[in-house]
Every structure is written in C-alpha cells, then in structure tokens.
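Breakdown of the fold
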Amino acid sequence: GTGLIKMTSFLVGKSGERDTMIELTNKELEVLKMLSYPNRVIASRLKITEGTVKTHLNSLFYKIPNQKTRAGLIIEALRRNRFGLSQLYQIRGRI
C-alpha cells in the first residue's frame, strides 16, 4: 500500500529547550493559522470535514498547554514565534 508520511512542525518556547517544544502535524498548523474563521470555513478551505476540524482543534487544545480559547491558541503560537502577524494576515487575505 501507500505509506503515510507524518509531517510535523514545532512550536518552540523562547528558551529553545527540547521540553518546551510542541509537535504539531502540518494539518494542525494549518488549522491553527485559520482559527479566526468558523469551523465550516476552515473545513471548506482545507477540504476536510467540520468533524475533522474539531478533531484537530481538540488536539491543539491538548498539545498547547493552559489554553482554553481559540484566541489563546493563536496568542501562544505568536508568543512562541511559530508564525508572525504578517502570515496570519496573508492567510486571512487569501480566503
């Protein structure tokens, strides 16, 4: 059969220490970058179901500690310098 390749990205704390790293799949990162949109819009743009968006969102809440809101996830990603505001605006502008 076809092999599955797990693509990952990391959210790294300012110290850069291994224990501050959070491993995210590419799809989780795509969802994270689009969290200012409703789940149905994210699903449509990423060509996945709303249920799959919710699964990725639940995974993000599990992996990124102490965050209880979508805004909190975005703020933590920005704090960890995973992507800058310009990337968020570029993504938002493309949709």
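Analysis parameters
- Residues numbered from 1 in each chain as written.
- Predicted model: local features only at pLDDT ≥ 70, side-chain atom pairs only at ≥ 80, totals over all residues.
- Heavy atoms only, no water.
- Helix = DSSP H or I, 4+ residues; strand = E, 2+ residues; numbered from the N terminus.
- Polar contact = N/O pair within 3.5 Å; in protein donor to acceptor, adjacent residues only side chain to side chain.
- Salt bridge = Lys/Arg side-chain N within 4 Å of Asp/Glu carboxyl O.
- Buried < 20%, exposed > 50% of the residue type's maximum accessible area, 1.4 Å probe, protein only.
- Contact = heavy atoms within 4.5 Å.

1. Notes on the side chain of Glu28
- Note on placement: Glu28 falls in helix 1 (residues 26–33).
- Side chain to side chain, Glu28 and Ser59 meet in a polar contact 2.5 Å long.
- A distance of 2.8 Å separates polar atoms of two side chains, one belonging to Glu28 and the other to Lys63.

2. Thoughts on the pattern of salt bridges
- The final tally for this structure, using the stated rule, is 2 salt bridges.
- Glu30 is paired through a salt bridge with Lys27; the nearest N and O atoms lie 3.4 Å apart. With a gap of 3 residues between them, Glu30 and Lys27 both fall in helix 1, about one helical turn apart.
- For Glu28, the salt bridge is made with Lys63, and the minimal N-O distance between the two is 2.8 Å. Here the residue Glu28 occupies a position in helix 1, and Lys63 occupies one in helix 3 (residues 50–63), the gap between them amounting to 35 residues.

3. Some remarks on unusual backbone geometry
- Of note in the backbone geometry, Lys47 takes a positive phi value of approximately 55° without being a glycine.
- Turning to its location among the elements, Lys47 is positioned in the loop between helix 2 (39–46) and helix 3.
- Under the relative-accessibility criterion, Lys47 is labelled exposed at 74%.

4. Considering the environment of Asn39
- Assignment of secondary structure puts Asn39 in helix 2.
- Judged by relative accessible area, which is 15%, Asn39 ranks as buried.
- Sequence separation between Asn39 and Val53 is 14 residues, and the spatial gap between their C-alpha atoms is 6.3 Å.
- Setting aside its immediate chain neighbours within four residues, Asn39 contacts Glu50, Val53, Lys54, Leu57 and Arg70.

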